Amino acid sequence: MSSKSRPPPPPPATDARLNWRTLLQWLQEDGMIDPETASSTESRFAVGDSAMHPLVRLGRAGLQRAGTQRSLDTEALTEWLATRAKLPYLRIDPLKVEVGRVADVMNAAYAEKHRCLPVLMGLSDITIATSEPFDVAWVPQIESHSRKTVKLVVANPQDISRFTTEFFTLAKSVRAATKTGEVAGLASFEQLVELGKSNKQLDANDQGVVQVVDWLWQYAFDQRASDIHLEPRREIGLIRFRIDGVLHTVYQLPSSVMSAMISRIKLLGRMDVVERRRPLDGRIKTRNPGGDEVEMRLSTLPTAFGEKMVMRIFDPDNALKELDQLGFSRHDAERWNQLVAAPHGIILVTGPTGSGKTTTLYSTLKRLATDEVNVCTIEDPIEMIEPAFNQTQVQQTLDFGFSEGLRALMRQDPDIIMVGEIRDLETAEMAIQASLTGHLVFSTLHTNDSISAVTRLIDLGVPPYLISATVIGVLAQRLVRTLCPHCKVPDPSVSTETLNELVKPWRMSGELKPYKPVGCLECRQTGFRGRAGLYELLNLSEPVRQHLMPSPNMGALRRAAAQEGLRALRLSGVRKVSEGVTTLEEVLRSTPAWES
């Protein structure tokens, strides 16, 4: 008889807590395991006892569901138990838990005693995750204390234990930091009238502040964040993570604590802690939970409510990725490898901020930086420290910009030069000079597509004949979210005709496999997990150069480039749609239309 047709058996009268013997009996009754497995497991467990939660203990026993090869790990057993108890199952997503309010419902000792954790606070109810669905004697106490109805859900006991420690430790650290002072700095215009309340300021080295900062970084690494935003508001400070290109609010905390956190991070990043009136840049190298080194680029900006900080996280593994791992098609990867093998010339990478230009450049330079060549970079700021390069940072306060840095690098016997960005005519002229004297120069521009880079250089004042003589290729790129492999389903609404209409100069062929997002536990119900690059590579071959002089004919230039192998950003995206990598909506949102 299935659990759906029978109410759950009552727990033992003397103790509502789960035990492994009862769970084994229920698993056998529900046909989850056969009698032989139950008997052998009971024999093994009878020798000695364990303080481990029975679900965890059974999950580590290597059980398999009867008649299948499916493993009954702790997560699968928790889902089964939720069904048995007729309660919803929840996989705790820390990004969706109101961490700052957890301690308002119960203290850490109470949560640990009853193996429960508040996960959602509504206006009239509280959702509490538990790993003991039959031990509910404490529920009336919480309802009386909070004056709200308690809704129980069943969650993995390992998750409850882990997040109970993390959330309450964080709350304790924030409270300890808050007690140190109420007002933390004079940079907030809105708080100037509040100065009379307290002259105390939080110390950046206060133990509570140190612990909150440590938690912040480890949490960001664990959640695969690419950026951390510390944003002051009128009354509170907001922490947000960018994950797969989308911002998520993580935590709210007192403004004084956020100000102290920013001071702590500035201190570690060797930035001017006192200076809050102008933007500052810095960097920090730390380690992720796996022990790998991770670099973070720091940037501060004064705002109406105080100093705002953004930390961009650079995964060193990205610099070691092959082109296909970055999202290059075989067609574009072959053309890109041929291009970067040139002895001299200018290669530009274009796209908006956050489109992956740095990753592409570092990954390419990493492969080119052999013992036989001298690779030099001038950056603002240095994104990632790479021992294989000779890296220099722009210092605007010392009148040391890109053009001055390029001029200095020319005397350093370079083979390959990377300029962070061509922003003005002087830098463009220095890059051209370096190219004409036999160097391979990489740089970036902010344009919509590869063809627009030509227009941008002309706008800066570079004559078309110099563009023709020096620029050998332009790579435009974007990042799109990739579909979660665990929950995506076929999308019959996308047809070959629809895709062909979007990329008229080209025709789609081959088997079409469009998918659409659904949402599951692995992707936080978003339907997406990770990102992939879209690329458009313009090779300025001789047939293309003919349309640059005496003045560029952009329409003819685009048609010639397409005949020479250029595949538009949108075509790159549509191909990934047809392969089931991303969705049509993602591609249309991220790429410009092709103008023939």
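Residues numbered from 1 in each chain as written. Predicted model: local features only at pLDDT ≥ 70, side-chain atom pairs only at ≥ 80, totals over all residues. Heavy atoms only, no water.

**Some words on the overall build of the chain**
In terms of helices and strands, the chain carries 22 helices and 18 strands. When the backbone C-alpha atoms are referred to their principal axes, the chain occupies close to 90 × 70 × 45 Å. In the chain, which comprises 596 residues, the share counted as buried stands at 52%. Relative to all contacts within the chain whose residues are 6 or more apart in sequence, the contacts with residues 24 or more apart total 64%. Entry remark: accessible area of the chain is about 27700 Å², with carbon and sulfur atoms responsible for 49%. Side-chain charges of the chain comprise 70 positive and 72 negative groups, with the mean position of each set lying 4 Å from the other. (Helix = DSSP H or I, 4+ residues; strand = E, 2+ residues; numbered from the N terminus. Buried < 20%, exposed > 50% of the residue type's maximum accessible area, 1.4 Å probe, protein only. Contact = heavy atoms within 4.5 Å. Areas by Shrake-Rupley, 256 points an atom, 1.4 Å probe, with all protein chains shown as cover. Lys, Arg positive; Asp, Glu negative; His and termini not counted. Charge placed at Lys NZ, Arg CZ, Asp CG, Glu CD.)

**Focus: the sheet that holds strand β1 (residues 116-121)**
Backbone-to-backbone hydrogen bonds pair the strands of a sheet. The strands run either parallel or antiparallel. Pairing is mixed across the open sheet formed by three strands, whose spatial order is β1-β2-β3. Taken across any chain shown, the strands that pair with only one partner, and hence form the sheet edges, are β1 and β3 (149-154). Averaged over all neighbouring strand pairs, the angle between strand axes comes to 30 degrees, with direction disregarded. Where β1 lies against strand β2 (residues 125-130), five bridges are found, and the strand directions are antiparallel. Bridge assignment links L117 to a residue of β2, and that residue is A129. Its contacts with the sheet place helix α7 (residues 139-146) against β2 and β3, and it is angled at close to 135 degrees to β3. (Pairing = 2+ DSSP bridges. Axes fitted to C-alpha atoms, helices over the stretch in contact; angles between N-to-C directions.)

**Topic: the packing of helix α9 (residues 207-222) against helix α10 (residues 255-268)**
Two elements in contact, α9 and α10, have axes separated by 9 Å at closest approach and are oriented at 75 degrees. By the criterion of interaxial angle, the relationship of α9 to α10 is roughly perpendicular. For the pair formed by α9 and α10, the contact residues are V209, V210, V212, V213, L216 and W217 on the first element and A260, M261, R264, I265 and L268 on the second. Residue composition of the contact of α9 with α10, grouped by class: ten nonpolar, no polar and one charged. (Parallel < 35°, antiparallel > 145°, perpendicular 65-115°, else oblique. Nonpolar A, V, L, I, M, F, W, Y, C, P; charged D, E, K, R; others polar.)

**Quick notes on the UniProt feature "domain: Bacterial type II secretion system protein E" (unreviewed entry) in the chain**
Mapped onto the present numbering, the UniProt feature "domain: Bacterial type II secretion system protein E" (unreviewed entry) falls on residues 410-424. Taken end to end, residues 410-424 is 0% helix and 27% strand, and its two terminal C-alpha atoms sit 18 Å from one another. (UniProt positions renumbered as here; feature names shortened; annotations may be inferred.)

**Digging into the side chain of S443**
Mapping S443 onto the fold places it in strand β14 (residues 440-445). S443 has contacts with I347, L348, V349, V419, G420, E421 and I422, leaving out every residue within four places of it along the chain.

**Section: the pairing of β14**
Side-chain positions along a regular strand alternate between the two faces of the sheet. Counting buried positions over the six residues of β14 gives six, a clear majority of the element. Going residue by residue along β14, you find L440, F442 and T444 tucked away on one face and V441, S443 and L445 tucked away on the opposite face as well. With six bridges connecting them, strand β10 (residues 345-350) and β14 associate as parallel partners. For I347, the partnering residue across the bridge sits in β14 and is F442. As paired elements, strand β13 (residues 416-419) and β14 share four bridges and run parallel to each other. Opposite V419, over in β14, you have S443 as the bridge partner. One crossover worth recording links β13 to the parallel β14 by way of helix α15 (residues 425-436), and it is right-handed. (Right-handed = clockwise from strand over helix to strand, strands pointing away.)

**Overview of empty space enclosed by the protein**
The tally for this structure, following the rule as stated, stands at four cavities of 30 Å³ or more. The space that makes up the second largest cavity amounts to roughly 50 Å³. Lining the second largest cavity are I346, I422, A428, I432, L457, V462, I467, T470 and V471. Looking at the lining of the second largest cavity, the elements that each hand over two or more residues are α15 and α17 (464-470). (1 Å grid on protein atoms, 1.4 Å probe; cavity = no way out; pocket = protein on both sides within 12 Å on 5 of 7 lines; lining within 4 Å. Points joined across faces, edges and corners; volume = space filled by probe spheres on them.)

**Section: unusual backbone geometry**
Geometrically, the link from M549 to P550 is a cis peptide bond, its omega value of 0 degrees lying close to zero. Within the secondary structure, P550 is located in the loop between α19 (542-545) and α20 (554-563). Non-glycine residue K86 carries a positive phi angle of around 60 degrees. Judged by its relative accessible area of 47%, K86 falls in the partly exposed class.

**Some details on the environment of W215**
Inspection of the secondary structure assignment puts W215 in helix α9. Residues W215 and F167, spaced 48 residues apart in sequence, show a C-alpha to C-alpha distance of 9.8 Å. Excluding residues that lie within four positions of it along the chain, W215 makes contacts with E166, L170, I239, V250 and Y251.

**Overview of the confidence of the model for the chain**
Chain-level pLDDT for the chain is 86 on average; 91% of the residues reach the 70-or-more range. Confidence over residues 1-7 falls short of pLDDT 50; this stretch has twelve contacts with residues more than four positions distant or in other chains. Segment residues 9-14 is flagged for pLDDT under 50; beyond a separation of four residues in sequence, or across chains, it makes five contacts in the model. (pLDDT = per-residue confidence, 0-100.)

**Looking at the layout of surface pockets**
Its volume calculated, the second largest pocket comes out at about 650 Å³. Lining the second largest pocket are 23 residues, and of these R91, I92, D93, P94 and L521 lie nearest its centre. Those elements that place two or more of their residues in the lining of the second largest pocket are β1 and α8 (157-180). It is α8 that contributes the most residues to the lining of the second largest pocket, three residues altogether. Considered class by class, the residues forming the lining of the second largest pocket number nine nonpolar, three polar and eleven charged.

**Notes on the environment of G269**
Note that G269 resides in the loop between α10 and β7 (280-287). Sequence separation of G269 and M554 is 285 residues, and the distance between their C-alpha atoms is 46 Å.

**Points about the packing of aromatic side chains**
Two aromatic rings, taken as a pair, are described by how far apart their centres are and by the angle between their planes. One pass over the structure, following the stated rule, counts ten aromatic pairs. Seen from their ring centres, F163 and F167 are 5.4 Å apart, and the 20 degrees between their planes marks the pair as stacked. Placement of both F163 and F167 in helix α8 is noted, with a separation of four residues, approximately one turn of the helix. You can call F163 buried: its relative accessible area is 3%. Judged by centre distance (6.3 Å) and plane angle (35 degrees), the ring pair of F328 and W336 falls under tilted. Each member of the pair F328 and W336 is classed as buried. (Phe/Tyr/Trp six-rings, centres within 6.5 Å; stacked < 30°, edge-to-face > 60°.)

**Examining the pattern of salt bridges**
Per the stated rule, a full pass over the model turns up 28 salt bridges. Residue D222 pairs with R162 through a salt bridge whose shortest N-O separation is 2.6 Å. Taken together, the residues D222 in helix α9 and R162 in helix α8 connect sequence positions 60 residues apart. You can call D222 partly exposed: its relative accessible area is 37%. With its nearest N and O atoms 2.7 Å apart, the salt bridge here joins E386 to K366. Linking E386 in the loop between β11 (375-379) and β12 (390-393) with K366 in helix α13 (residues 357-368), this pair joins segments that are 20 residues apart in sequence. A relative accessible area of 29% places K366 in the partly exposed class. Linked through salt bridges whose partners overlap, the residues forming this network are R283, K285, R287, E293 and E295. (Salt bridge = Lys/Arg side-chain N within 4 Å of Asp/Glu carboxyl O.)

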